[in-house]
2 protein chains.
Amino acid sequence: MSDVEREVHSVAERAKEAAADLAPLSRAVKDEALLAVADTLVREAESIVEANAEDVARARENGESEAVVDRLTLDVKRVDAIADAVRDIVELPDPVGEVVRGKSLPNGLELRQVRVPLGVIGMIYEGRPNVTVDAAVLCLKSGNAALLRGSSSAYSSNTRIVEVIRGALEKTGVPVDAVQLIPGSGREAAQALMRARGLVDVLIPRGGANLIQTVVRESTVPVIETGDGNCHVYIDEAADLDKALAVAVNSKTQRMSVCNTAETLLVHAAVADRFLPDALKSLRELDVTVHGDDRVQGHDDAVVAATEDDWGTEYLSADLAVKVVDSLDDALAHIRRYSTSHTEAIVTDSQTAARRFVAHVDSAAVMVNASTRFTDGGEFGFGAEIGISTQKLHARGPMGLPEMTSTKYVVTGDGHVR
Amino acid sequence: MSDVEREVHSVAERAKEAAADLAPLSRAVKDEALLAVADTLVREAESIVEANAEDVARARENGESEAVVDRLTLDVKRVDAIADAVRDIVELPDPVGEVVRGKSLPNGLELRQVRVPLGVIGMIYEGRPNVTVDAAVLCLKSGNAALLRGSSSAYSSNTRIVEVIRGALEKTGVPVDAVQLIPGSGREAAQALMRARGLVDVLIPRGGANLIQTVVRESTVPVIETGDGNCHVYIDEAADLDKALAVAVNSKTQRMSVCNTAETLLVHAAVADRFLPDALKSLRELDVTVHGDDRVQGHDDAVVAATEDDWGTEYLSADLAVKVVDSLDDALAHIRRYSTSHTEAIVTDSQTAARRFVAHVDSAAVMVNASTRFTDGGEFGFGAEIGISTQKLHARGPMGLPEMTSTKYVVTGDGHVR
C-alpha cells in the first residue's frame, strides 16, 4: 500500500466510525448542526472567497475560458446563496427512521422495515465549489458520512469550505469526521477511494461521461451511475403539432448543457411534412445546428447530414440529431438502440401510442406530452437532488434524500423461536 | 474474445432482447406461462429424473458423501413438489406496474413512480437442482429474463430442467429466451457472465462465502451480495432468562447450515452466572461445541478455548462462540467489529436496552426477543425469496419479488414546457 492509499484508507476509516455515530442521531441534532454550518459559511465567507481566489488565479494562468472561470468564482454573495441552500435542506423531512412497511406476522412477531443511512458516501465530482457544500449537507441530513473528492481546479476552495464545515460541526452533536475531503488532488487518491471496499458504502460520481465511466470501470466500491443523458423526443403521427413544437424546442434549448436536454428528435413520417418546416425554422432561429437524415435534409438547407455517430452522441451543445421514422415501433427500436435510458418523451394525442411508448421505453423517466427537461429532483418536488441515476439498481431517476438511505428490518417478539 | 466468451455474450444478448419483450407483459400472460411450466415439469418428471441420475452417478464416482448425494437427487415425488412450489409463486402478486408513489405537481404534471423489471438477472448458485426452477420462475414472475449458472455437479439435471421450462414457454406469450442456462460448466463461462456489463443488469450469487466473494471481486456487472451470516445473540442483563435460553438455543440449533443461524452468543456479565450453566448444558445436550472465552470456560469443562478466529467465523455447524461482555456497549462494539451485518438479536426486557441495540446495530435484520432464524422471506410473509441481501444498496435482508424490480418515472402533461 502506498502512502497515498494509506492516507485515504485512514480518512475512510474515520468516516466509517463517524458514520456509525451519526446514524442514530435524531433529526433535531442533525438540523441544528446544518444550521450551524449555514451560519459559519456566512461568517467565514471572506476566508472562503480568499481561498477561492487562488483557484481562480490558477485557472486564469492555465488560460481557462471566462465561462469556466465564472463557474469557479465565489464572492460573498454567492457564499450567502450557498448558505441559504443549506437552510432549505434543513427544512426537508429526514428520511431516516421512516417505516417503509410494517405488519404483525401470524405468530405475533412485529415486523418493521425502517430507513437507515447508507453509511459512508463517496462523492467524486467536477464543477463548482458549491457542490462541496451541497454534497456534504445532503449526506449529513440523510445521516451519512461524506468523503468528498472535488475537481483539482477547485482544490483550495474545497479545502477551505470543508475546514469551515468541520469547524461548524465541532460545536454540535454531529461528529467532525462525518465530512472529510480526500487529501491531495492527484489521481492516485481518487483511485484509492474507488477501491476502499468495506469502508465506503457507495460512490456517486457527478460530472461528464468520462468521469463516470472511469469510476464505474475502476471501482470495487458499489457505484451509482448518474447523469449520462442521450435523451429523445418522439413526435407521433397523432401529435398536436403546436404542443410538439413547444416540447421539442424546449427539450433542446431551455438549457443545453445538462443531462436532461434532448439530443435526438424522432418525427413520424406522417407528420414530417407539416411539422419539420416550423420545427427546423424555430431551431435555426435559436442557433441550433440540426444533424438530419436524408428525409430531414430535404426540408432545410441548413441541415447538416447526420452520421451514425450523431445518433449516439450526447452533444450538451446547440446541436440536435433529427430523424424521420415510419412508425412508433421504428422510434422504439431507435431509442432501444441509442438511448442511455435517462429520459425519453413522446408527444401524441393517442392513448394507444402513449401507453405503448410508456410500456416499451426502458428509461429512468418517460414523458408524455412534456419536455425532457422536467426530469429533475426540484421539478419532481423532492426539494433536493444528489444526482440523476441512470442505472436500475437501488435508485433510478432523480435521487432525493430517501434514495441516500438503505433499510433494516426490526423484528420484535416475546421470546419467539422457530 | 474467446469462443466461450462469444457464446456467453450471444446468450446474454438473446436474454436482453427477451427481457425487453417480457417487461410489458401482463400478469395474466406471465401466470399462464408459469402454470404451463409447472404442468410440463410434472409431465416430464421422468426425463428430469433420468438426467439427474447422471449427476448422481458422477457424484458417487467422485466419492461425495451420502448427504451431498441426497441433496442432489431428484425423484418423481421431488419434481412434483418443485412444480407445486411454482404454483405457489403463481399466486403471489405481480410487483410490476405497482405505483410506488404518485402525485400531481403544482404545474399540473402527473408524476408516477412505477415498478418495472430489472431486465436480465444472472444467477450463479451452488446446490440443489430445485434452485434452477425456483430462480427461473421468480425471475419470470417479476418480468425478468434469467441467465442461470448452476453448480457443475448438477449440470445434466439443470440442462434438462431448462429444456423442459423452455419447451413449456414455447406455447405461451413469454419468450423462450427469457430462461437460459449459461453454456458449459467451466470457469471461463462464469467469468464471461460476470463481465457481461451492459447485457446483464444484476448478478445474484447464492452459495458459500467463497463463491460470493469471487463474484463480488471479479464482476463488472452490479452484484447483490447474499447470505453471508455471522449472526450474534446478545443476552442483556435485563433479559428474562427463560426467553434468553429459548432464543439462544433456537438461534443456534434449529437449523445449523443456514445463513441466519447464530454463530456467537454474547452474555452480559451480570447474568452470566445465572444464565451460562443452563445454556451450556442445553447446548451440550444438543451436541453443540462451545468455543468460549476465559469467563465462559469456568462454567463447563466441555467448553473449548475460543481464539480470535472464532469471533469472525461463520461455522454453519454444531459450533458456537460464546463470550461474556461487561456492558451493552461492549456487546455493540464486538458486533460492530465481527458481524457480517446479516442478523443480530438482543434478549432483554429493558426498553432502553432494546432501543439502543436497534439503533446501533447496523444489520439487515435486528431481532428483539426473537430467534435469528426468523430472517427469512417465508417467515416475513413475502411468499418467496431469491436470497438474503447483506449489502445496503438496492435491497437489504430477505429479497422477495418487489426487490427483483426497479422503477421508472412516468410523467404525463399536456404540452408542458419549462
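Here the structure is a predicted model, which is why all the values come from computation and not from measurement.

Cut-offs applied
- Residues numbered from 1 in each chain as written.
- Chains lettered and ligands numbered in written order.
- Predicted model: local features only at pLDDT ≥ 70, side-chain atom pairs only at ≥ 80, totals over all residues.
- Heavy atoms only, no water.
- UniProt positions renumbered as here; feature names shortened; annotations may be inferred.
- Helix = DSSP H or I, 4+ residues; strand = E, 2+ residues; numbered from the N terminus.
- Salt bridge = Lys/Arg side-chain N within 4 Å of Asp/Glu carboxyl O.
- Phe/Tyr/Trp six-rings, centres within 6.5 Å; stacked < 30°, edge-to-face > 60°.
- Buried < 20%, exposed > 50% of the residue type's maximum accessible area, 1.4 Å probe, protein only.
- Least-squares fit on C-alpha atoms with pLDDT ≥ 70 in both.
- Contact = heavy atoms within 4.5 Å.
- Buried area = accessible area lost by both parts, 1.4 Å probe.
- Nonpolar A, V, L, I, M, F, W, Y, C, P; charged D, E, K, R; others polar.
- Pairing = 2+ DSSP bridges.

## Quick look at the UniProt feature "domain: Aldehyde dehydrogenase" (unreviewed entry) in chain A
Under the UniProt annotation, the feature "domain: Aldehyde dehydrogenase" (unreviewed entry) is placed at residues 6-291 of chain A. The annotated region residues 6-291 of chain A carries 52% helix and 17% strand content, and the separation between its end C-alpha atoms amounts to 50 Å.

## Description of the pattern of salt bridges
Scanning all chains against the criterion turns up 58 salt bridges over all chains. Residue Asp-84 of chain A pairs with Arg-87 of chain A through a salt bridge whose shortest N-O separation is 3.3 Å. Here the residue Asp-84 of chain A and the residue Arg-87 of chain A both occupy positions in helix H5 (residues 76-91), the gap between them amounting to three residues, near one helical turn. Here Arg-27 of chain B ties to Asp-31 of chain B by a salt bridge, and the two come within 2.7 Å at their closest N and O atoms. Taken together, the positions of Arg-27 of chain B and Asp-31 of chain B, both in helix H2 (residues 27-43) and four residues apart, correspond to about one turn of that helix. Through salt bridges with shared partners, a single network forms among Asp-201 of chain A together with Asp-362, Lys-392 and Arg-396 of chain B.

## Thoughts on the packing of aromatic side chains
For the structure on display, the rule yields eight aromatic pairs over all chains. Ring geometry for Phe-380 of chain A and Phe-382 of chain A: centres 5.8 Å apart, planes at 75°, overall edge-to-face. Among the residues examined, Phe-380 of chain A registers a relative accessible area of 0% and is labelled buried. With relative accessibility at 14%, the residue Phe-382 of chain A sits in the buried group. Taking the centre distance of 5.0 Å and the plane angle of 55° together, the rings of Tyr-409 of chain A and Phe-380 of chain B count as tilted. Taken as a pair, Tyr-409 of chain A in strand S16 (residues 405-416) and Phe-380 of chain B in the loop between strand S13 (365-370) and strand S14 (387-389) lie in two separate chains rather than in one.

## Observations regarding the relation of the copies chain A and chain B
The relation between the two copies of this chain is a rotation about an axis and a shift parallel to it. Superposing chain A onto chain B takes a rotation of 180° combined with a translation of 0.0 Å along the rotation axis, leaving an RMSD of 0.0 Å. Considering both components of the superposition, the chain copies are consistent with a two-fold axis. In terms of C-alpha distance to the rotation axis, chain A has His-394 of chain A as its closest residue, with the C-alpha 1.7 Å off the axis. Counting the interface residues of chain A, we find that 100% of their copies in chain B are interface residues as well, pointing to one common contact surface.

## Description of the interface of chain A and chain B
Each partner contributes to the interface: chain A provides 68 residues, whereas chain B provides 68 residues. Of the roughly 5,600 Å² buried between chain A and chain B, counting both surfaces, carbon and sulfur atoms make up 53%. Among the residues of chain A in contact with chain B, Leu-393, Tyr-409 and Arg-418 of chain A are the three that bury the most area, contributing 15% of the side total. Taken together, chain A and chain B are joined by ten salt bridges. With its nearest N and O atoms 2.6 Å apart, the salt bridge here joins Glu-225 of chain A to Arg-197 of chain B. Breaking the side of chain A that touches chain B down by element, the ones donating at least two residues are helix H1 (3-22), strand S1 (99-104), strand S2 (110-117), helix H10 (241-253), helix H15 (351-360), strand S13 (365-370), strand S15 (397-399) and S16 of chain A. Here the side of chain A that touches chain B gets eleven residues from one element, more than from any other, and that element is S16 of chain A. Across the side of chain A that touches chain B, the residue classes break down as 32 nonpolar, 18 polar and 18 charged. Note that S16 of chain A and S13 of chain B share five bridges and pair parallel.

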